[in-house]
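# Structural overview for review
The residues making up each chain are set out below.
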Amino acid sequence: MRFNRLLALVLTLSALPAFAQPEVFFGNGQAPVFREEDLDKRFSRSKLNQGLKLGTQDAGCAQVLGAMLTLLGETGVFLHKRDENFMLDPVLVNALGTQLVNPRFPGNAFLVAMVRRVLIDRKLPQEWLVTAQALAPYYPAIDLGRLRFLANGVQPLDSFLLTLPALRERYDQEVKRATSVGASTAEALFRENYLDHEVAFSTLELVDVKLEKPKKKRLKKGEEPEEPYTLARLVWVEPEEPKTERYEFAFGKPSKRARVEISAKLQETQFTDLNKLLKGSRVIVRGRFWEYKKDLATIELRDALLFPERDWSKTPNLVDPSAVVSCPMAVNDLTGLAPIQPGAFGKQR
């Protein structure tokens, strides 16, 4: 059996070449097709999958199941159409490799199998959600909102590569630095290439969420008045440069960090309780990139979803490795005896 892709891909802006074109972000436009493989059949018979479906009374296994469901929820918001890779926070990648992998249990391979199951079925199995709900009071790291989002049906982005910093870099390269000859068409071409795509922007600060009433206007014959809608206002601020050990003299006013103000018209159905989100909270927004103004200083999204974003560097421990060792369902009944099993999944159309 051959698998084409890496277990989990954690991408940074520096991984993208300066000459990146839209196809680097969006691929060839055809989403991967996920079909049942031998790995999936073995996973369906595994003890871990039985635990995901039926739950557990074992304290160690409760930690293992809670950790695996937490990781799955974190990947689900960023599943995309571009290719077969999925993204995971670097802190969680480290936690997965150090806390959920041992000679007896390849947790990374099991996470691949869980993601595959969701992508093949096009939704999170309902039994897994029930198990997560039962574990949540004892394992608070689980984000039930993200899992409910997956249980409602997989809604892949066009690309998780198109982060807000990457979008700003592309605008600088393709529009601001265009020559006089190309300036007349650069803006129009940028709009054609990047608008109307499903995107996810992270590391945003929540400014406010409120019910907006459309402005009154004279309606044409047969035209219905626009319904009130919920609007989220968010802001992204360019991160500070990492501090160095070297002492530097700074004269004059400190340089201003770039800001992007985002207005997101929210979907009626949200998987996060908006009443519990506080101003200043760090959030992720998913939605359709609808419009921008002032050199990307303001951005409008439509059909958007909000999710709280946790700083995992403050809670890097998902599971006690001794709990993994003691859990009877944390055994390698997935990959066989091979010491190294390449990850990945799916085939292109």
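Think of each chain on its own: its residues are numbered from 1, step by step along the sequence as written. Only residues with pLDDT of at least 70 are given local features in this predicted model, and only at 80 or more are side-chain atom pairs given and counted; all residues enter the totals for whole chains, interfaces and linings. Side-chain metrics rest on all non-hydrogen atoms present in the structure, leaving aside hydrogens and water.

Regarding its fold elements, the protein chain presents 11 helices and seven strands. Every one of the 349 residues in the protein chain was classed for burial, and the buried ones make up 44%. Secondary structure elements follow DSSP: runs of H or I no shorter than four residues count as helices, runs of E no shorter than two count as strands, and numbering proceeds from the N terminus. Using a 1.4 Å probe on the protein chains alone, a residue whose accessible area is under 20% of its type maximum counts as buried, one over 50% counts as exposed, and one in between counts as partly exposed.

Right, let's get into the packing of helix α4 (residues 59-76) against helix α7 (residues 126-135). The convention used is that axes are lines fitted to C-alpha atoms, helices contributing only their stretch in contact, and that angles between N-to-C directions extend from 0 to 180 degrees. The contact between α4 and α7 brings their axes to 10 Å, and the two run at 120°. Read as a crossing pair, α4 and α7 show a hand that is left-handed. Along its contact with α4, which presents Ala62, Leu65, Gly66, Leu69 and Leu72, the element α7 presents Trp128, Thr131, Ala132 and Leu135. Residue polarity follows a fixed list, in which Ala, Val, Leu, Ile, Met, Phe, Trp, Tyr, Cys and Pro are nonpolar, Asp, Glu, Lys and Arg are charged, and the others, Gly among them, are polar. Among the residues making up the contact of α4 with α7, the classes are represented as seven nonpolar, two polar and no charged. Throughout, a crossing is termed right-handed when the near helix is turned clockwise from the far one, and left-handed when it is turned anticlockwise from it by less than a right angle. Residue contacts are counted whenever heavy atoms from the two residues lie within 4.5 Å of one another.

What follows is about the pattern of salt bridges. If charged atoms from side chains of opposite charge come close, those side chains can pair. A pair is scored as a salt bridge if a Lys or Arg side-chain nitrogen falls within 4 Å of a carboxyl oxygen belonging to Asp or Glu. Inspection of every chain in the model, using the stated rule, returns 15 salt bridges. Here Lys81 ties to Asp158 by a salt bridge, and the two come within 3.6 Å at their closest N and O atoms. Separated by 77 residues along the polypeptide, Lys81 in the loop between α4 and α5 (90-99) and Asp158 in the loop between α8 (144-151) and α9 (164-176) bring together distant segments of the chain. Two residues, Glu174 and Arg170, come together in a salt bridge whose shortest N-O distance is 3.1 Å.

With respect to the helices and strands, His80 occurs in the loop between α4 and α5. The term polar contact refers here to a pair of N or O atoms within 3.5 Å; inside protein, the definition further demands a hydrogen-donor-capable atom paired with an acceptor-capable atom, and it admits residues adjacent in sequence only when both atoms are side-chain atoms. Polar contacts involving the side chain of His80 include one to the side chain of Asp83, which spans 2.8 Å. Within the local environment of His80, its side chain forms a polar contact with the backbone nitrogen of Phe160, the two atoms lying 3.0 Å apart. Excluding its chain neighbours within four sequence positions, the residues that come into contact with His80 are Asn85, Pro156, Leu157, Asp158, Ser159 and Phe160.

For the rest of this paragraph, the subject is the sheet that holds strand β4 (residues 229-237). Should DSSP find at least two bridges between two strands, the strands are regarded as paired. Strand order in the closed barrel formed by five strands is β3-β4-β5-β7-β6, and the pairing between neighbours is mixed. Between one strand and the next, the sheet's axes are offset by a mean angle of 50°, whatever the strand orientation. In the sheet, strand β6 (residues 282-293) pairs with strand β7 (residues 298-308) via nine bridges, with the strands oriented antiparallel. Looking across to β7, one finds that Ile284 is bridged to Phe307. Each of β6 and β7 touches α8; the most contacted strand, β7, lies at about 105° to it.

This paragraph deals with the packing of aromatic side chains. Classification of ring pairs rests on two measures: the distance between centres of Phe, Tyr or Trp rings, Trp counted by its six-membered ring, which must be within 6.5 Å, and the angle between planes, read as stacked under 30 degrees, edge-to-face over 60 and tilted in between. Summed over the entire model, instances satisfying the criterion amount to 13 aromatic pairs. An aromatic cluster is built from Phe25, Phe26, Tyr171, Phe190, Tyr194, Phe289 and Tyr292, whose rings are joined through pairwise contacts. Note on criteria: charge over ring means Lys NZ or Arg CZ within 6 Å of the ring centre, with the direction from the centre no more than 35 degrees off the ring normal. Note that Arg191 overlies the ring of Tyr292, its terminal NZ or CZ placed 4.4 Å from the centroid. Over the aromatic face of Tyr229 sits the side chain of Lys265, whose NZ or CZ is 4.5 Å from the ring centroid.

Right, let's talk about the packing of helix α3 (residues 47-54) against α4 for a bit. α4 packs onto α3 with a crossing angle of 85° between their chain directions and a minimal axis gap of 11 Å. Taken together, the axes of α3 and α4 lie roughly perpendicular to each other. Of the residues in α4, those touching α3 at Leu48, Gly51 and Leu52 are Val64, Leu65 and Leu69. Considering only residue class, the contact of α3 with α4 consists of five nonpolar, one polar and no charged. Reported orientations rely on four angle classes, namely roughly parallel under 35 degrees, roughly antiparallel over 145, roughly perpendicular from 65 to 115, and oblique for the rest.

With that settled, consider the confidence of the model for the protein chain. Each residue carries a pLDDT score, the predictor's own confidence in it, on a scale running from 0 to 100. Residues of the protein chain with pLDDT of at least 70 account for 87%, and the chain-wide mean is 87. Scored below 50 in pLDDT, residues 1-19 makes 49 contacts in the model with residues more than four places away or belonging to other chains. Per-residue pLDDT stays below 50 along residues 337-349; that stretch engages in 41 contacts with residues further than four places along the chain or on separate chains.

Moving on to α8. Burial within α8 is extensive, with six of its eight residues counted as buried. Where α8 is concerned, the buried positions are Gly145, Arg146, Leu147, Phe149, Leu150 and Ala151. Of the surrounding secondary structure, the elements contacted by the buried residues of α8 are α4, α6 (107-121), α7, β6 and β7. Where α8 begins, one side-chain oxygen reaches toward the backbone nitrogen of Gly145, 3.0 Å away; that side chain belongs to Asp143. Remark: Gly153 follows α8 within two positions and exhibits a positive phi of approximately 120°.

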